[in-house]
Each structure stands twice: as C-alpha cells, then as structure tokens.
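# Descriptive structure summary
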Amino acid sequence: MAAAVKVSSVFRKSLFKGKVAIVTGGGTGIGKAITQELLHLGCKVMIASRNIERIQKAAEEMRSTVVPNKPTNLAHMQCNIRKEDNVKDLISSTLKQFGKIDYVVNNGGGQFPSPASNISVKGWNAVIDTNLTGTFIVCREVYNQWMEQNGGVIVNIIADMWKGFPTMSHTGAARAGVDNLTKTLAIEWAPDGVRVNSVAPGSFIYSETAAANYGDSKIFHHMLDVVPVKRLGTPEEVSSCVCYLLSPAASLISGETVKVDGAASLHNTKYEIRVSK
Ligand code: ADE
C-alpha cells in the first residue's frame, strides 16, 4: 500500500463530515487537489472523467494515500460531460451510492492553444461543448434530480479571461459563458436553497498535470514577470477557495466569481502583440 500523503487544510478536519460531493475532472491537477481536501475534511466524493483509465488510477491512488481507513469515501466513474445520458447516470449513480449530493464542483474541461483564425468549427464546438454546455448539463441534472428538493452548493472552475484570452478564444468565450450562467442559476435556484459560485484561477497554477499536458515543466515560468506575487500558484490555493465557497462560511455568497490569481488579472498580460502584416 502507498504511504499516506500529507493533505493539509486550514479548515477544521470534520468540516464536511457526512457531506457528499461530485468533482468532475477530480483525478488530476486542480480537481485532484479539491478532491483530496474534501476527503481530508470528511466528505464522501464521486470523481468523474471522460478518461476511465486515468480516473481509475487516480481513485486507486487516493484511496490508499488520502483515505486509507475509509477507501469507500471515494468513488469514481466514467462520464463524458458533453453527453446528457452520461451526466444523468453520474448523478443517479452518486445518489444510489451515497444517498445524497450536497456539492458539485464543475472542474472538468479542456482546450488547446491556437490563434482564433486557425480554429475549425469542429474544434470550437468541442471546447464550447465541454466547458460551457457540459457545465450546464451537470448543473441542470443535479438540480433536477436532487438540489431542487434538497438544496446544495455548486462551484464552477473557470479561467482568467477577463481581458479576453488571446490564443484561447474558444475557452475564453466558454468560461465567460459559465461566469454568466453562474449568476443566472444563483438567482433562479436561490429559493430552493441552492448556491452557485465560480472560482477563476490565474493562468499560472503549476501542477504536474498541466506540465505533462504541455510537455514542459517550466510551462508557466515565462509568466513570472507579469505576475504581481512573483511566484507560481498551487492547486491547493485554488482548492481552499472552493472549500470556503462550499462551506457554511459562505452561506450568503451566491452568483459570485472569486479570482484566485494574486491580482494577476488586474495587471499586464504576457501576450505579445504581433507586428502588423
Ligand atoms: N475533462 C475534459 N473533457 C471532459 C469531458 N468531456 N467529460 C468529462 N471530463 C472531461
């Protein structure tokens, strides 16, 4: 069995005891840090991803390292959030397994860098389908199957797209859409005791997953001269904000997006304007 990992949290250990969360993309990067902190705080967690091998491997690892005494607190399943029937199954399976759903963290997403002029409609639609429509489907399904009757909290993970998102127009548009969806759902579902918020990490959160995705462990280092805090961020610094928003400490916070970026979005961007042709 792998050695127990030291998950730390500023929150009291039993904060989420008896609670149940779904974390999409919960096996890698920021999603994995969120899953680990929720488990550490006593939550039962269902993690889901389109890639079954990856989510299974991550779940097996976290069962033996984070919750070796309570491995059944972590469940996993394959779910392509672009597909309504997959999402319906994710919600109903979680209810079957854990009996309720208190929290959903919409973290699953993906994109590829490209100038807007080179993005095909197929590539554009794939990114919008995953990051915007996928998030919408998960929110709608958990509301219809559970939260309308029982309340709950949803946190959507978006991105630093506040000044546009050069080379990432598709995901910038999708994440801005989720920022607005967050506000609408917060209003429509407030009478049912459902809070909906977003967290927008800076584009300099270092994780092994991000480095592997881009094939470069120094992927974010070029950003350092425009990042006011002069260091990279960590997935755990995003996770603590998510846990705060899920917790009763945020009981009057809904429809809000919290930037976790050390003021980077207020300052210059790294994008270099090309010379005109
Ligand atoms: N992560 C990236 N793309 C995804 C998808 N379509 N479904 C679930 N998780 C994902």
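Preceding block: the structure.
Residues numbered from 1 in each chain as written. Predicted model: local features only at pLDDT ≥ 70, side-chain atom pairs only at ≥ 80, totals over all residues. Heavy atoms only, no water.

## Observations concerning the overall build of the protein
Definition in use: Helix and strand assignments follow DSSP, with helices taken as H or I runs no shorter than four residues and strands as E runs no shorter than two, numbered in order from the N terminus. As a reference, a globule follows 2.2 Å times the number of residues to the power 0.38, and the radius of gyration itself is taken over C-alpha atoms. Buried means the residue's accessible area, taken with a 1.4 Å probe over protein chains only, is under 20% of the maximum for its type, while exposed means over 50%, and partly exposed covers the values in between.
Each helix and strand counted, the protein has seven helices and seven strands in total. Overall, the protein shows an N-to-C arrangement of helices and strands of β-α-β-α-β-α-β-α-β-α-β-α-α-β. Against the globule reference of 19 Å for 277 residues, the protein gives a C-alpha radius of gyration of 18 Å, in line with a compact fold. Judged by the C-alpha coordinates and their principal axes, the protein covers about 60 × 45 × 35 Å. Per-residue burial over the protein gives 50% buried out of 277 residues.

## Examining the packing of aromatic side chains
Under the convention used in this document: Working definition: a ring pair exists when centres of Phe, Tyr or Trp rings (six-membered ring for Trp) sit within 6.5 Å. Plane angles under 30 degrees give stacked, over 60 give edge-to-face, the rest tilted. Here, a charge over a ring means that NZ of Lys or CZ of Arg falls within 6 Å of the ring centre while also lying within 35 degrees of the ring normal.
Scanning all chains against the criterion turns up two aromatic pairs. Both rings, one in F16 and one in Y103, keep their centres 5.3 Å apart while their planes meet at 70°; by these two values the pair is edge-to-face. Linking F16 in the segment before β1 (20-24) with Y103 in strand β4 (residues 103-106), this pair joins segments that are 87 residues apart in sequence. We classify Y103 as buried; its relative accessible area is 5%. The interplanar angle of 5° and the centroid separation of 4.1 Å between the aromatic rings of Y143 and W189 together place this pair among those described as stacked. Note that Y143 is positioned in helix α4 (residues 121-150) and W189 in helix α5 (residues 169-189), a separation of 46 residues in sequence. Accessibility expressed as a relative area gives 7% for W189, which makes it buried. Note that K259 overlies the ring of W162, its terminal NZ or CZ placed 5.1 Å from the centroid.

## Focus on the nonpolar core
Here is the rule: Here, the term nonpolar core denotes a set of buried Ala, Val, Leu, Ile, Met, Phe, Trp, Tyr and Cys residues that are joined through side-chain atoms within 4.5 Å. Note on contacts: a residue pair qualifies if any of its non-hydrogen atoms lie within 4.5 Å across the two residues.
Core analysis: the biggest nonpolar cluster contains 35 residues, and F16, L38, V199, V242 and L246 have the highest contact counts within it. When contributions to this core are tallied by element, the ones reaching two or more residues are β1, α1 (29-40), β2 (44-49), α2 (52-65), β4, β5 (152-157) and α7 (235-246). Top contributing element to this core by residue count: α7, with six residues. The residues touching L246, leaving out its near neighbours within four places in the chain, are F16, L38, Y103, V105, V153, V155 and R195. One finds I101, Y143, M147 and V196 within the second-largest nonpolar core, a separate group that totals 29 residues.

## Things to note about the site of the ligand
Operational definition: We call a residue near a molecule or strand whenever a single non-hydrogen atom of that residue lies within 4 Å of it. Any N or O atom pair separated by 3.5 Å or less is treated as a polar contact, with the protein-specific requirement of one donor-capable and one acceptor-capable atom, and with residues adjacent in sequence counted only for side-chain atom pairs. Surface accessibility follows the Shrake-Rupley procedure with a 1.4 Å probe radius. Residue values consider only the protein chains on display as shielding. Three residue categories are used. Nonpolar comprises Ala, Val, Leu, Ile, Met, Phe, Trp, Tyr, Cys and Pro, charged comprises Asp, Glu, Lys and Arg, and polar comprises the others, including Gly.
Looking at the ligand, the residues that line it are R50, C79, N80, I81, R82, G109 and T130. C79 is positioned such that a nitrogen or oxygen atom in its backbone is 3.4 Å from a nitrogen atom of the ligand. Out of a free accessible area of 260 Å², the ligand has 89% covered by protein chains. Here the shell around the ligand is composed, by residue class, of two nonpolar, three polar and two charged.

## A look at the pattern of salt bridges
Which entries qualify depends on this criterion: We define a salt bridge as a contact between a side-chain nitrogen of Lys or Arg and a carboxyl oxygen of Asp or Glu at a distance within 4 Å.
Within this structure, the stated rule accounts for seven salt bridges. Across the salt bridge formed by K183 and D179, the nearest N and O atoms sit 3.8 Å from each other. In this pair, K183 and D179 are both assigned in helix α5, four residues apart and thus about one turn of the helix distant. Of the charged contacts, one joins K270 and D225 as a salt bridge, the two residues approaching to 3.0 Å between their closest N and O atoms. Of this pair, K270 sits in the segment after β7 (257-260) while D225 sits in the loop between α6 (208-214) and α7, and the two are 45 residues apart along the sequence. With a relative accessible area of 28%, K270 lands in the partly exposed category. Each of the salt bridges in this network shares a partner with another, and the network as a whole consists of E84, R140 and E141.

## Digging into the sheet that holds β4
Rules: Two strands form a pair only when DSSP identifies at least two bridges running between them. Axis lines are fitted to C-alpha atoms, over the contacting stretch for helices. Their N-to-C directions set the angle, which ranges from 0 to 180 degrees.
Spatially, β3-β2-β1-β4-β5-β6-β7 is the arrangement adopted by the seven strands of the open sheet, whose pairing is parallel. Each of the sheet's edge strands pairs with one partner strand only, and the pair in question is β3 (74-78) and β7. Direction aside, neighbouring strands of the sheet carry axes that sit 20° apart on average. Together, β2 and β3 form the strand contacts of α2, whose direction differs from that of β3 by roughly 175°. Along the sheet, helix α3 (residues 84-98) contacts β1, β2 and β3; its crossing angle with β2, the most-contacted strand, is approximately 155°.

Interpretation in functional terms is not warranted from these geometric data alone.
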